[in-house]
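Single-letter residue listing:
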Amino acid sequence: MSVEARDLVAEFAYRFGRAPTISRAPGRVNLIGEHTDYNDGFVMPAALEFATLTAASARSDRRLRVYSMVMDETREFDLDAPGAASGDWSDYVLGVAVMLEMSGWPLSGVDLIVWSDVPIGAGLSSSAALEVSVAHALLTQSDQPFDPVTIAKICQRAENDFVGMRCGVMDQYIACCGVAGHALLIDCRNLASRNVAIAPNLRLLIANSGVRHQHAGGEYNLRREACEEGVRLLSSMLGPIKALRDVTPEQLEAKRRKLPNLIYRRCRHIVTENARVLAAERALEAGDFAACGRAMNASHVSMRNDFEITCPEVDMLVGLAQTVEGVYGSRMTGGGFGGCTVSLVEASAVDKTSQILTDGYRIATGLDTEIFVCAPSDGAGLIAV
Ligand code: GAF
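Attention in this report is confined to the structure presented alongside it. (Residues numbered from 1 in each chain as written. Predicted model: local features only at pLDDT ≥ 70, side-chain atom pairs only at ≥ 80, totals over all residues. Heavy atoms only, no water.)

**Description of the overall build of the chain**
Inference 1: A tally of regular secondary structure across the chain gives 11 helices and 13 strands.
Inference 2: In terms of overall dimensions, the chain is globule-like: its C-alpha atoms have a radius of gyration of 21 Å, near the 21 Å expected for 385 residues.
Inference 3: Taken along the three principal axes of its C-alpha coordinates, the chain extends 60 × 50 × 40 Å.
Inference 4: Long-range contacts, defined here as pairs at least 24 residues apart, represent 73% of the contacts in the chain between residues at least 6 apart.
Inference 5: For the chain, the exposed area adds up to about 14,900 Å²; of that, 50% sits on carbon and sulfur atoms.
Inference 6: Between the mean site of the 36 positive side-chain charges and the mean site of the 47 negative ones, the chain shows a separation of 6 Å. (Helix = DSSP H or I, 4+ residues; strand = E, 2+ residues; numbered from the N terminus. Rg over C-alpha atoms; globule rule 2.2 N^0.38 Å. Contact = heavy atoms within 4.5 Å. Areas by Shrake-Rupley, 256 points an atom, 1.4 Å probe, with all protein chains shown as cover. Lys, Arg positive; Asp, Glu negative; His and termini not counted. Charge placed at Lys NZ, Arg CZ, Asp CG, Glu CD.)

If you want it as structure tokens, here you go:
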């Protein structure tokens, strides 16, 4: 289904009899830096053209009424008695409203319609796109400013404390702050970022394994706990450290024998991944795409062997891509346990790569992959209608 902003305006007029504003927030693909965000580390995502649109118009009371065009469902809440999470899509909407108010942004009641073309459960950050586009819509309708980094943190809190998923800040940050034509090198400790241009001859090719990832409360949170355990154990040996960001690969190696093997391997992924993100950024800036690709390939090996967040289908897609001439590097993107791969590809090799992935994946697994060739887009904003 593809909806343009004017279709959303028409749907809004039909349902609510008024003209809305339209807020947009994108999904993302992460070039490199997986699970490093909640370790105060580095990530390098880009915002996608896939996005969530939220049509909104203020009400004179304190009710929040939201219709999802994707789910074809309506939910209604009272901002004065919001209640707890219910376990469905509307938690992201209500969670954002609750956290905005708790953070000091009083909201008026609002009618909302949400629509999205960010694939759900594919590791392209459909939840953050929903959160950020709703936050933008609620603030716009309540005449409140949208400060991108602050709002990213509030949306992360909605997901951590309301939905119960202990994600880092990467997805909300890039949904708020993305820059067209660029990836962002984000320092998740001080929340500063630098734009990293994607050269015109390069394409980011995303392949969806179709294996749906399921994060909330499960393996994702276990990985986070393993990292926290690593920090606890390493603190007693290295002196007080706040996060795995503070540990170098050499320090970790020196303490290897004193750590349980599983914790050591989880930590090794994080500390080496941080180094790879910085190497990839330097390589892109220098136009050394092969070096960037090598960092991406090494990232995948580390996610597969040390962090254990890939799956055979995703490994297959990565392996296929890495055989194609013109593909600099390929890796799983996102939280893991399924979802998508991202490959850094010469524009001239896109068709051949798509063909090899499509055919090879079907032969190897009996499954179909969906391929998206994406151009990095801007972060959250209003759409003119
Ligand atoms: C998910 C989380 F939401 C992010 O915060 C990040 O940890 C990512 O997985 C892994 O890099 O998308």
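**Comments concerning the site of the ligand**
Inference 1: Taken together, the neighbourhood of the ligand is formed by 13 residues, with Glu-34, His-35, Asp-37, Asp-171 and Tyr-220 sitting nearest.
Inference 2: At a separation of 2.8 Å, an oxygen atom of the ligand approaches a polar side-chain atom of Glu-34.
Inference 3: For the ligand, an oxygen atom lies 3.5 Å from a polar atom in the backbone of Gly-335.
Inference 4: In the complex, the protein chains occlude 97% of the 310 Å² of accessible area that the ligand would expose alone.
Inference 5: Residue composition of the shell around the ligand, by class: 4 nonpolar, 5 polar and 4 charged. (Near = heavy atom within 4 Å. Polar contact = N/O pair within 3.5 Å; in protein donor to acceptor, adjacent residues only side chain to side chain. Nonpolar A, V, L, I, M, F, W, Y, C, P; charged D, E, K, R; others polar.)

**Focus on the pattern of salt bridges**
Inference 1: Using the criterion set out here, one finds 28 salt bridges in the structure.
Inference 2: Measuring nitrogen to oxygen at the nearest pair gives 3.7 Å for the salt bridge that ties Arg-331 to Glu-273. With Arg-331 in strand 10 (residues 327-333) and Glu-273 in helix 8 (residues 261-286), this residue pair connects regions lying 58 residues apart in the sequence. By the burial criterion, Arg-331 is buried, and Glu-273 matches it.
Inference 3: Each of the salt bridges in this network shares a partner with another, and the network as a whole consists of Arg-18, Arg-59, Asp-61, Arg-65 and Asp-111. (Salt bridge = Lys/Arg side-chain N within 4 Å of Asp/Glu carboxyl O. Buried < 20%, exposed > 50% of the residue type's maximum accessible area, 1.4 Å probe, protein only.)

**Looking at the sheet that holds strand 7 (residues 182-187)**
Inference 1: Spatially, the 3 strands line up as an open sheet ordered 2-7-8, and their pairing is antiparallel. Sheet topology places strand 2 (42-43) and strand 8 (192-197) at the edges, where each strand pairs with a single neighbour.
Inference 2: Where strand 2 meets strand 7, 2 bridges bridge the pair, whose relative direction is antiparallel. Its bridge partner lying in strand 7, Val-43 is registered against Ile-186.
Inference 3: Sitting on the sheet, helix 5 (residues 170-177) is in contact with strand 2, strand 7 and strand 8, with an inclination near 135° to strand 7.
Inference 4: The strands that helix 8 touches are strand 2, strand 7 and strand 8; relative to strand 8, the one it contacts most, it runs at about 45°. (Pairing = 2+ DSSP bridges. Axes fitted to C-alpha atoms, helices over the stretch in contact; angles between N-to-C directions.)

**A few points about the layout of surface pockets**
Inference 1: Roughly 930 Å³ of internal volume is contained in the largest pocket.
Inference 2: Tyr-92, Ile-120, Gly-121, Ser-126 and Ser-127 are the residues nearest the centre of the largest pocket, which is lined by 43 residues in total.
Inference 3: Among the residues forming the lining of the largest pocket, the class breakdown is 18 nonpolar, 17 polar and 8 charged. (1 Å grid on protein atoms, 1.4 Å probe; cavity = no way out; pocket = protein on both sides within 12 Å on 5 of 7 lines; lining within 4 Å. Points joined across faces, edges and corners; volume = space filled by probe spheres on them.)

**Quick word on the sheet that holds strand 10**
Inference 1: The strand order across the open sheet formed by 4 strands is 10-11-9-12, and the pairing between neighbours is antiparallel. Each edge of the open sheet carries a strand with a single partner, namely strand 10 and strand 12 (370-374). For this sheet, the mean inter-axis angle between neighbouring strands, taken without regard to orientation, is 20°.
Inference 2: Sheet topology note: the strand 9 (residues 202-208)/strand 12 ladder contains 5 bridges and is antiparallel. Considered in strand 12, the bridge of Ala-207 is made with Ile-371.
Inference 3: Sheet strands in contact with helix 11 (residues 350-365) are strand 9, strand 10, strand 11 (340-346) and strand 12, and its direction is about 15° off that of strand 9.

**Examining helix 1 (residues 5-16)**
Inference 1: Helix length check: helix 1 (12 residues) gives 16 Å between terminal C-alpha atoms against 16 Å at 1.5 Å per residue, within 8%.
Inference 2: Along helix 1, the residues that are buried comprise Ala-5, Leu-8, Glu-11, Phe-12 and Phe-16. All buried residues of helix 1 lie within an arc of 115° about the axis, which places them on one face of the element. More than 90 degrees from the buried face of helix 1, the exposed residues found are Arg-6 and Tyr-14.
Inference 3: Buried residues along helix 1 sit against strand 1 (21-30), strand 3 (45-58), strand 4 (63-68), strand 6 (110-116) and strand 13 (381-383).
Inference 4: Positive backbone phi, at 70°, marks Gly-17, one or two positions downstream of helix 1. (Expected span 1.5 Å × (residues − 1). Arc of directions from axis to C-beta.)

**Here we look at the packing of helix 3 (residues 126-141) against helix 5**
Inference 1: Orientation of helix 3 relative to helix 5, taken along the N-to-C sense of each, is 50°, at an axis distance of 9 Å. The orientation of helix 3 relative to helix 5 falls into the category oblique. Both helix 3 and helix 5 take part in a crossing whose hand is right-handed. Facing Ala-128, Glu-131 and Val-132 of helix 3, the residues of helix 5 in contact are Asp-171, Gln-172, Ala-175 and Cys-176.
Inference 2: For the contact of helix 3 with helix 5, the residue count by class is 4 nonpolar, 1 polar and 2 charged. (Parallel < 35°, antiparallel > 145°, perpendicular 65-115°, else oblique. Left-handed = near helix turned anticlockwise from the far one by under 90°.)

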